[in-house]
Structures are given as structure tokens and as C-alpha cells.
Amino acid sequence: MIEFNGKLSSKCKKYLIDDSWRLNLTVGFTIGIPLIVLTLILSFKYGWIYLLIFIPIALIMFFISLKPSTKAYRFFYGKDGEIYDGELQWNIIIDQDLISAEGTQRSETNSLDDIKEVVDFGDFYKIYFYFPHKSNLFICQKDLITQGTIEEFEAMFEGKIIRKIIK
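I will try to describe carefully the structure that is included in this document.

The rules behind each value
Residues numbered from 1 in each chain as written. Predicted model: local features only at pLDDT ≥ 70, side-chain atom pairs only at ≥ 80, totals over all residues. Heavy atoms only, no water. Core = buried A, V, L, I, M, F, W, Y, C linked by side-chain atoms within 4.5 Å. Buried < 20%, exposed > 50% of the residue type's maximum accessible area, 1.4 Å probe, protein only. Helix = DSSP H or I, 4+ residues; strand = E, 2+ residues; numbered from the N terminus. Contact = heavy atoms within 4.5 Å. Salt bridge = Lys/Arg side-chain N within 4 Å of Asp/Glu carboxyl O. Phe/Tyr/Trp six-rings, centres within 6.5 Å; stacked < 30°, edge-to-face > 60°. Lys NZ or Arg CZ within 6 Å of the ring centre and 35° of its normal. Lys, Arg positive; Asp, Glu negative; His and termini not counted. Expected span 1.5 Å × (residues − 1).

### A few points about the nonpolar core
A general feature of soluble globular proteins is that nonpolar side chains tend to end up buried together. Judged by nonpolar contacts, the single largest core of 29 residues is most densely connected at Trp 90, Ile 99, Ile 127 and Phe 153. Examining the composition of this core, we find that four residues originate from one element, strand β6 (residues 124-129), more than from any other. Once residues within four sequence positions are removed from consideration, Trp 90 is found in contact with Phe 4, Asn 5, Gly 6, Leu 8, Leu 16, Glu 102, Gly 103, Thr 104, Leu 137 and Ile 139.

In C-alpha cells:
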């Protein structure tokens, strides 16, 4: 059994926030842009009333584009926008064939067979899964290891580890 438990460092937290924001932005715009194009086509073909559909789509895209931990994000999301302000408590357990992660607001469990790759960013590992098991919750900060060793972790994922440097 390998366990990572504790508070994320500022570098790891920044990566988590940026990664979450990029994911939301990509999904939001991938869905939103075709809907906007469809709305414009309908409004030109059948009348201006279809432009009313554009308003909620544009608002949703605006809210998705707000980056967490900014003043605008906190203003629009209220108390929910403050989740990234404090320290983030993280717990990741790798036991037998399962890996489970528990963050501040959610938890997930996946099979070790679903792991696509493990990226080593120096201070922490980011675990990527095959679709549809994708998650940004599986970040293992190296200095938070409480059970097991880094060597055991790297031996467990030998052949799947890719080393990268954050710029």
C-alpha cells in the first residue's frame, strides 16, 4: 500500500487550479462554439428570436472562462469560489488493484489498469487515465508520502512514467 496524505504545496495547488481551468475551458468552448454557430444560423434563417438562445450560452461560456483563485471568480461564485484560497488537504491511496483520491470537495476511485501514464513534474506526479476515467484529482505530491516509498511508487508504474518540467 502506498499513501500520499497532507496539504498540497503552492506549486502543486497552482498546477491543479490551472489544469482544472484548462479542462473546463476546453469542454465549455468545445460545446459552446457549435451551439453559438447553430444559434446564429437559426437566427439568420428563421428570425431574430433565436438570438435569445445565445444569451444563456454566452453567460455559461463567460462563467466557464473565469479562472479559479481570481477576484472575479470569487465575486461570481461566492463561498464556492473560496475553495482554492485555503490549503487543500489531499489523500491518495494505492492498494491492490485500486487507486483512490480524496480532495477537498470530492473523491474518486479507479482501477490501476485504467492508468494511461504517470507524469513526473519533479515535486509531484500527475496520474492520467484512459477515457472515460479521466480525472484531475490524482496528483501525488512526493513529500506527502506517508506509507511506502517513492521507489515503490515508481516501480509500480515502471514503463508508464514520463518526466516533464513545468515552465
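### A short note on the pattern of salt bridges
Per the counting criterion, the structure on display carries six salt bridges. Shared partners join several salt bridges into a network, and the residues in it are Asp 120, Lys 142, Glu 154 and Arg 163.

### Concerning the packing of aromatic side chains
The full count for this structure, using the stated rule, is seven aromatic pairs. Every member of this aromatic cluster is reached through a ring pair, and the members are Phe 4, Tyr 125, Phe 153 and Phe 157. Stacked on the ring of Tyr 128, the Lys or Arg Lys 126 has its end atom at 4.5 Å from the ring centre.

### Concerning the side chain of Glu 3
Assignment of secondary structure puts Glu 3 in strand β1 (residues 2-7). One buried charge, Glu 3, has no salt-bridge partner; the nearest side chain with opposite charge is Lys 7, at 14 Å.

### A word on helix α1 (residues 10-46)
Compared with an ideal rise of 1.5 Å per residue, which puts 37 residues at 54 Å, α1 spans 52 Å between its outermost C-alpha atoms and is within 8% of the ideal. One or two steps after α1, the chain reaches Gly 47, where phi turns positive at roughly 130 degrees.

### Re the environment of Ser 111
Structurally, Ser 111 is set in strand β4 (residues 107-111). Distance in space between the C-alpha atoms of Ser 111 and Ser 100 is 8.6 Å, their sequence separation being eleven residues. Not counting residues within four places of it along the chain, the set of residues in contact with Ser 111 comprises Asp 97, Leu 98 and Phe 129.

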